[in-house]
Amino acid sequence: ILINLQRARRESLLSDVQKDGLVLGTISQKFSDDREVVLAAVNQNADAIMFASPRLRADPDVVLAAICQDGATLEYASPELRDDPEIVQIALQSNPQAIKFVSPTLKADRTFMAKVIKADPSALGYASPEIKADREIVLSAVKKFGLTLSFASHELKNDREVVLAALKQNPTAIMFASPELQAE
């Protein structure tokens, strides 16, 4: 009888999370580690992933179900998945703001960040200091969106070619140039 009651409770819960995924946050914690229940909740509402157990936040299928709907739910993924270039790329395609939740390792990866910044120059703001000092990447970014000069390293804010490229795209970028170049 107890097993039948548990099964009935689980089936009722599955039905509830399929209608409103956030119900996952109001139920017994044991269900936050039930893959089927969590996937049903996340498929209904990506934000339900915040109530998933750490084990399921490290499950690529659960995380993919969430980030395909809203890339910003990458915030709730395990550190390992926030460091996975394929997972992160999917999150960024869904929502460029997911860059906030990318691992520091990927934010410092030149190849990865060059690709991300090419698609969204404002991602330079979340890049590592080494990327912000990479002349080629910064030059590419300011040519597309001049105001990204604000994220460049001090040295590049004093680089005449970089600053001129930013100004050509948006004259307002002058406010982010070094004082020396602003004085010219």
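Student: I tried to follow the overall build of the protein chain on my own but got confused; where do I start?
Tutor: Summing up its helical and strand segments, the protein chain has twelve helices and zero strands in all. Shown N-terminal to C-terminal, the secondary structure of the protein chain runs as helices and strands in the order α-α-α-α-α-α-α-α-α-α-α-α. The globule rule puts the C-alpha radius of gyration for 184 residues at 16 Å, and the 22 Å found for the protein chain is more than 25% above it. In terms of principal-axis extent, the alpha carbons of the protein chain reach across some 85 × 25 × 20 Å. The proportion of buried residues among the 184 residues of the protein chain is 43%. Contacts in the protein chain between residues at least 24 apart in sequence constitute 36% of all its contacts with a sequence separation of at least 6.

Student: Sorry if this is basic, but what is going on with the packing of helix α4 (residues 60–67) against helix α5 (residues 85–94) here?
Tutor: How two helices sit against one another is set out by the angle between their axes and by the gap between those axes. Relative to each other, α4 and α5 sit at 15°, their axes nearing to 9 Å. In terms of their interaxial angle, α4 and α5 are classed as roughly parallel. For the element pair α4 and α5, the recorded crossing hand is left-handed. Here α4 contributes Val63, Leu64 and Ile67 to the contact with α5, which in turn contributes Ile87, Ile90, Ala91 and Ser94. In terms of residue class, the contact of α4 with α5 is built from six nonpolar, one polar and no charged.

Rules used throughout
Residues numbered from 1 in each chain as written. Predicted model: local features only at pLDDT ≥ 70, side-chain atom pairs only at ≥ 80, totals over all residues. Heavy atoms only, no water. Helix = DSSP H or I, 4+ residues; strand = E, 2+ residues; numbered from the N terminus. Rg over C-alpha atoms; globule rule 2.2 N^0.38 Å. Buried < 20%, exposed > 50% of the residue type's maximum accessible area, 1.4 Å probe, protein only. Contact = heavy atoms within 4.5 Å. Axes fitted to C-alpha atoms, helices over the stretch in contact; angles between N-to-C directions. Parallel < 35°, antiparallel > 145°, perpendicular 65-115°, else oblique. Left-handed = near helix turned anticlockwise from the far one by under 90°. Nonpolar A, V, L, I, M, F, W, Y, C, P; charged D, E, K, R; others polar.

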